Amino acid sequence: MILNDKNQNNTINEELINSYDNEYIFSNKPINRIKTNPKTGDKISLLQNLKDQISNIDNCDLKKNASKIVFNDGSLNSPIMIVGEGPGQKEDNLGKPFVGDAGHLLNKMLNAINIKREKVYITNVVNYRPPNNRKPEPVEINRYSDFLKKHISIIDPKILILMGSTAMEALFGYKIKISKERGLWKEIIINNKTYITMITFHPAYLLRQPDQKKCSWADLKEIRKKIDELKLTI
Ligand code: URA
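Residues numbered from 1 in each chain as written. Predicted model: local features only at pLDDT ≥ 70, side-chain atom pairs only at ≥ 80, totals over all residues. Heavy atoms only, no water.

Describe helix α2 (residues 40-55), with residues and values.
Taking 1.5 Å as the rise per residue, α2 with 16 residues should run 22 Å; its terminal C-alpha atoms sit 22 Å apart, in good agreement. Of the residues making up α2, those classed as buried are Lys-43, Leu-47, Leu-50 and Ile-54. Each buried residue of α2 sits inside an arc of 65 degrees when the element is viewed along its axis, so together they form one side. For α2, the secondary structure elements touched by its buried residues are β3 (121-124) and α6 (138-155). (Helix = DSSP H or I, 4+ residues; strand = E, 2+ residues; numbered from the N terminus. Expected span 1.5 Å × (residues − 1). Buried < 20%, exposed > 50% of the residue type's maximum accessible area, 1.4 Å probe, protein only. Arc of directions from axis to C-beta. Contact = heavy atoms within 4.5 Å.)

What follows is the structure, given as structure tokens:
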């Protein structure tokens, strides 16, 4: 145990020690020590609040050109959160992420490791369809990454899966290349919490480059292995 200097009565250095452990709160005060996960009801209202914030975004070319917001799909309490790039035409029509061709491939990829799509939580970096399905501009990615980080904190997943370079850039910046970074477990700290993260190819990219599916399959097997190691119920 890490203690402050002797003059302070063996007071625990709370700030430091709490930065190491996410499940247990160290404190010398009589407090509730077990950190509880956000309750489903809290998540619903926090998500609604976040959705409202995004809906109120000003001066956004994405919002101006899209027909509606595409916010999320899946289970709010899932240990797995998937982040894609942004809605396409079908998603813009239906208001739901990953429901077009890329979405069908995503469903198959999840099925291949015994996960039903409805058991994961899915969102995108940008919540409005980019005109002509263009890649979001860096300034748009940066702007929406603030919302994305809030979104991740609310869902609080055990494993974060970033699909494609836009999702990677939103959280890890522009200095890295997906071809080098995919398939590796990384840690990212968001609002003082560390998330285990895997970057992998986007299903739309796999539809254009089917020879890359073998890499993707290796990543999926790694994800399955981690789920089993962490004994996650999914
Ligand atoms: N591609 C994405 O990144 N997200 C979607 O929702 C659909 C296609």
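The discussion continues.
An account of the site of the ligand is needed here, citing residue identities and associated values.
Taken together, Gly-84, Glu-85, Gly-86, Glu-91, Pro-97, Phe-98, Asn-124 and His-202 make up all the residues around the ligand. Glu-85 is positioned such that a nitrogen or oxygen atom in its backbone is 2.6 Å from an oxygen atom of the ligand. The contact in question runs from an oxygen atom of the ligand to an N or O atom on the backbone of Phe-98, over 2.8 Å. If the ligand stood free it would expose 230 Å²; the protein chains cover 92% of that surface. Classifying every residue of the shell around the ligand gives two nonpolar, four polar and two charged. (Near = heavy atom within 4 Å. Polar contact = N/O pair within 3.5 Å; in protein donor to acceptor, adjacent residues only side chain to side chain. Areas by Shrake-Rupley, 256 points an atom, 1.4 Å probe, with all protein chains shown as cover. Nonpolar A, V, L, I, M, F, W, Y, C, P; charged D, E, K, R; others polar.)

An account of the packing of aromatic side chains is needed here, citing residue identities and associated values.
Within this structure, the stated rule accounts for two aromatic pairs. Considering the side-chain rings of Tyr-144 and Phe-147, the 5.8 Å spacing of their centres and the 70 degrees angle between planes classify their relative orientation as edge-to-face. With a gap of three residues between them, Tyr-144 and Phe-147 both fall in helix α6, about one helical turn apart. Taking relative accessible area as the criterion, Tyr-144 reaches 1% and is therefore assigned buried. Classification of Phe-147 by relative accessible area gives buried; the value is 13%. Seen in terms of ring centroids, Phe-201 and Tyr-205 are 4.8 Å apart; in terms of plane orientation they differ by 50 degrees. Their pairing is tilted. Residue class for Phe-201 comes out buried when judged on its relative accessible area of 6%. For Tyr-205, a relative accessible area of 25% puts it in the partly exposed group. The ring of Phe-172 has Lys-186 sitting right over it, with the charged end atom 5.9 Å from the ring centre. (Phe/Tyr/Trp six-rings, centres within 6.5 Å; stacked < 30°, edge-to-face > 60°. Lys NZ or Arg CZ within 6 Å of the ring centre and 35° of its normal.)

Describe the pairing of strand β5 (residues 185-190), naming the residues involved and giving the relevant values.
Side-chain alternation along β5 places Lys-186, Ile-188 and Ile-190 on a buried face and Trp-185, Glu-187 and Ile-189 on a face that remains uncovered. Where β5 and strand β6 (residues 193-200) come together, six bridges link them in antiparallel fashion. Looking across to β6, one finds that Ile-189 is bridged to Thr-194. Here β5 folds back onto β6 in antiparallel fashion, the turn holding two residues, of which Asn-191 has a positive phi close to 45 degrees. (Pairing = 2+ DSSP bridges.)

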